[in-house]
Amino acid sequence: LAQIVNEYCSALLKATEEESQLECPETLSDLRLPVQHESIVSAMPLQERIVMSDAALQILDRQNHWNTKLAKNALEDLRKEIQTGECDMYVDEKDRVQRVLTIVALRLETQHGSVLAQIGKCQKGES
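Keep in mind it's a predicted model, so treat the numbers as computed, not measured.

J.: Just to check I follow, could you spell out the overall build of the protein for this structure?
T.: Along the backbone of the protein there are four helices and four strands. Put simply, the protein has 127 residues, and 23% of those count as buried. A separation threshold of at least 6 residues defines the contact pool for the protein, and within that pool the share at least 24 residues apart is 45%. Taken as a whole, the protein presents about 10,000 Å² of accessible surface, with 53% of it coming from carbon and sulfur.

Below, the structure is given as structure tokens:
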């Protein structure tokens with residue numbers, strides 16, 4: 001638990017420092033964080049994210065609607081996504097389990113205004 005707290009605090013401090021460069025220092029306080037919890041968690045090392053997400057997944061697993069084979073497969077898919085770092089899970093302030101994906105968008109533009117864009121994706125065996 002101490003390792004998770006340490007990593008969370010490190011990610012929080014780094015995110016707060018980065019945000020404070022963008023905001024006026026007078027608007028920062030100990031009552032309002034300039035970043036959201038999800039952003040802090042996604043900046044943590046994968047191992048600590050897995051431990052935090054597994055706790056939320058255990059709560060989800062104890063709920064009654066996971067009894068069918070299809071639901072068990074979905075639960076196992078979530079486990080795999082957590083293990084590979086594709087998603088994080090947490091329990092919100094209303095005790096609901098939330099799944100969070102981190103998406104990064106990159107825009108590459110030349111000095112003349114041309115933009116690099118991916119217009120499709122082809123995978124083996126798909127048309």
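J.: Just to check I follow, could you spell out the pairing of strand 2 (residues 97-100) for this structure?
T.: Moving residue by residue along a regular strand, the side chains alternate between the two faces of the sheet. Where strand 1 (residues 88-91) and strand 2 come together, four bridges link them in antiparallel fashion. Within strand 2, the position partnered with Y90 by the bridge is Q98. In sequence, strand 1 turns back onto strand 2 through a hairpin of five residues, with D95 there showing a positive phi of about 65°.

J.: What should I look at first to understand the pattern of salt bridges in this one?
T.: Any two side chains of opposite charge can pair, on the condition that their charged atoms come close. In this structure the tally under the stated criterion is seven salt bridges. In this structure, the salt-bridge partner of E81 is R99, at a minimum N-O distance of 2.7 Å. Of the two residues, E81 sits in helix 4 (residues 69-84) while R99 sits in strand 2, which places them 18 residues apart along the sequence. One network of salt bridges, in which partners are shared, links D61, K72, E76 and R79.

J.: For this particular structure, what's the right way to read the nonpolar core?
T.: As a rule of thumb, soluble globular proteins bury nonpolar side chains together. If you look at the biggest cluster of nonpolar residues, it comprises ten residues: I50, A56, L57, L60, L75, L78, I82, C87, M89 and V97. A total of four residues in this core trace back to one element, the largest contributor, which is helix 3 (residues 46-62). Among the nonpolar cores identified, the runner-up in size contains seven residues, and I4, A15, V35 and M44 belong to it.

J.: Hey, could you run me through the environment of R96 in this one?
T.: Counting through the fold element by element, R96 comes out in the loop between strand 1 and strand 2. Along the chain, R96 and A56 lie 40 residues apart, while their C-alpha atoms are 9.1 Å from each other.

J.: Is there a simple way to explain the side chain of D92 in this structure?
T.: Its location among the elements puts D92 in the loop between strand 1 and strand 2. Of note is the side chain of D92, whose polar atom sits 2.8 Å from the backbone nitrogen of R96. Among the polar contacts made by the side chain of D92, one reaches the side chain of Q98 at a distance of 3.1 Å.

J.: Would you explain helix 3 in this entry?
T.: Note that an α-helix has 3.6 residues per turn; residues three or four places apart therefore point the same way. Taking 1.5 Å as the rise per residue, helix 3 with 17 residues should run 24 Å; its terminal C-alpha atoms sit 24 Å apart, in good agreement. Along helix 3, the positions that sit buried rather than exposed are E48, R49, I50, S53, A56, L57 and L60.

J.: Please explain unusual backbone geometry as it appears in this structure.
T.: Apart from glycine, the bulk of residues carry a negative phi angle, and the bulk of peptide bonds sit in the trans form. Positive phi is not limited to glycine here, since D95 has a value of about 65°. Following the sequence through the fold, D95 ends up in the loop between strand 1 and strand 2.

Rules of the game
- Residues numbered from 1 in each chain as written.
- Predicted model: local features only at pLDDT ≥ 70, side-chain atom pairs only at ≥ 80, totals over all residues.
- Heavy atoms only, no water.
- Helix = DSSP H or I, 4+ residues; strand = E, 2+ residues; numbered from the N terminus.
- Buried < 20%, exposed > 50% of the residue type's maximum accessible area, 1.4 Å probe, protein only.
- Contact = heavy atoms within 4.5 Å.
- Areas by Shrake-Rupley, 256 points an atom, 1.4 Å probe, with all protein chains shown as cover.
- Pairing = 2+ DSSP bridges.
- Salt bridge = Lys/Arg side-chain N within 4 Å of Asp/Glu carboxyl O.
- Core = buried A, V, L, I, M, F, W, Y, C linked by side-chain atoms within 4.5 Å.
- Polar contact = N/O pair within 3.5 Å; in protein donor to acceptor, adjacent residues only side chain to side chain.
- Expected span 1.5 Å × (residues − 1).

The values are spatial; any link to function lies outside them.
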